[in-house]
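# Commentary on secondary and tertiary structure
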Amino acid sequence: MVNESVFKELIRLGYSKEKKKRVWELSSPDLFYSSPDLAQAFLNLKNFPIYRERIIERELDLMKESAAALKKVLGNQPFNLIDLHCANDDRVVRFINLLGPKVKIRYCPVNISPFLTQQASAVVRNARLPHVIIHKPQHVPSSDWATTISMLRGTNYQRNVVLLLGSSLAFFEINDFLFNLSKEWFRGDFLVIGNGVRTGKRLVHLEIYKDTLFHQWYIHLMHGLGFKDEEVRYDARFGNSRVECFYTLLTDKTIQHAEKSVVFKKGDEILVAVIYKYYARELENFCRMYFPEGEFLTDEEREYALV
């Protein structure tokens, strides 16, 4: 069955020609969670040992290191805890516990996928945190995140504390993302970003992105277009100073949906993800362009940052 969201995005973005091949664009981060299969495959990826070691554990260590500063800055006034690109691990629970039991929190998991917001909310509910008073999941695309953040303010919860963890920022064009977020910012709001950073050469460790777990996630986008496993081949490369994850089509195929049809040719490529990699100084400079007041921490290996 064709996934309408995936099909519409492919039609909207079309393709570009590179030498003798066509490269179709299908790399919107929202599509990663546009079906239950895609959302579940993302949760499976988080159990990948390298992901846990290089992202989750380093992020938690940096949160502990900054706990005193976080408590001082946030104080005891109530706030919305807005969890962008939410998932179902316990990072948010551990973040809340670092702040102490006095502050009242309204937890707002945000994702285009209701499945993932329900999963995230369940983890926090099951932790039975007495200072998390209300749950308010938000099912919105990333293009509406800034507006959603602004609309969550209210009489009882006037401040916003926004989390963007797990290197989610790497899937977005950083200037557009931070600019749109900063437009809706009030003094007293707080943003926490967890993101990988580079040392040495920028474009290294491509083998990580070639791993079968990425294929097991992204293949559901191809299924959403109507392709079978044997009709495509997954790969990753460095291009345009970023990682590009893509499928090469192994056969001619015409996909029809909602009175529209797309003719694919053997050798066409479908770009399913782009991942940006920054040096620590670059990431810090980007953040300070839009949020001048802040702190920037890295782990001992300088491979992960908490902003």
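The model shown is predicted, which means the values in this text are computed figures rather than measured ones.

Here the focus is a negative patch on the surface. There is a patch of like negative charges on the surface, built from Glu53, Asp61, Glu65, Glu300 and Glu301. Of note, Glu300 is situated in the loop between strand S13 (297-298) and strand S14 (304-306).

With that settled, the discussion passes to the sheet that holds S14. The 7 strands lie next to each other as S5-S4-S3-S6-S7-S14-S13, forming an open sheet whose pairing is mixed. On the outer flanks of this sheet lie strand S5 (132-135) and S13, each paired with one strand and no other. Judged from the 4 bridges that link them, strand S6 (residues 159-164) and strand S7 (residues 190-196) form a sheet pairing that is parallel. Looking at the pairing, Val161 lines up with Phe190 of S7.

With that settled, consider the pattern of salt bridges. Should their charged atoms come close, side chains of opposite charge can pair. This structure, assessed with the given rule, holds 19 salt bridges. Each of Lys21, Arg237, Arg242, Glu244 and Glu269 takes part in one network of salt bridges that share partners.

Here the focus is the nonpolar core. Burial of nonpolar side chains together is a common tendency in soluble globular proteins. Counting 105 residues, the largest nonpolar core has Leu81, Tyr218, Cys245 and Ile270 as its most contacted members. Every residue in contact with Cys245, bar those within four places of it in the chain, is listed here: Tyr209, Tyr218, Tyr234, Asp235, Ala236, Ile270, Leu271, Val272, Ala273 and Ile275.

This structure, assessed with the given rule, holds 0 disulfides. The thiol of Cys86 is unpaired, and the distance to the nearest cysteine sulfur, on Cys108, comes to 11 Å. The exposure class assigned to Cys86 is buried, which follows from its relative accessible area of 0%.

Before going further, it helps to examine unusual backbone geometry. Its identity as a non-glycine residue notwithstanding, Arg128 has a phi of 55°, on the positive side. Along the chain, Arg128 falls in the loop between helix H6 (114-126) and S5. Of the residues examined, Arg128 reaches a relative accessible area of 73% and is grouped as exposed.

Bringing helix H1 (residues 4-13) into the picture now. The complete set of buried residues in H1 reads Val6, Phe7, Glu9 and Leu10. Buried residues of H1 fall within an arc of 165° about the axis and therefore sit on the same side. Along H1, exposed side chains directed more than 90 degrees from the buried face belong to Lys8 and Arg12. Contact partners of the buried residues in H1: strand S2 (21-25), helix H10 (212-225), strand S10 (253-257) and strand S11 (260-264). For H1, the N-terminal capping position is held by Asn3, with its side-chain oxygen 2.9 Å away from the main-chain nitrogen of Ser5. Of the residues one or two after H1, Gly14 is the one with positive phi, at around 65°.

Cut-off values and rules
- Residues numbered from 1 in each chain as written.
- Predicted model: local features only at pLDDT ≥ 70, side-chain atom pairs only at ≥ 80, totals over all residues.
- Heavy atoms only, no water.
- Patch = residues over 30% accessible without salt bridge, like charges linked within 9 Å, V, L, I, M, F, W, Y side chains within 5 Å.
- Areas by Shrake-Rupley, 256 points an atom, 1.4 Å probe, with all protein chains shown as cover.
- Salt bridge = Lys/Arg side-chain N within 4 Å of Asp/Glu carboxyl O.
- Lys, Arg positive; Asp, Glu negative; His and termini not counted.
- Charge placed at Lys NZ, Arg CZ, Asp CG, Glu CD.
- Helix = DSSP H or I, 4+ residues; strand = E, 2+ residues; numbered from the N terminus.
- Pairing = 2+ DSSP bridges.
- Core = buried A, V, L, I, M, F, W, Y, C linked by side-chain atoms within 4.5 Å.
- Buried < 20%, exposed > 50% of the residue type's maximum accessible area, 1.4 Å probe, protein only.
- Contact = heavy atoms within 4.5 Å.
- Disulfide = S-S within 2.5 Å.
- Arc of directions from axis to C-beta.
- Polar contact = N/O pair within 3.5 Å; in protein donor to acceptor, adjacent residues only side chain to side chain.

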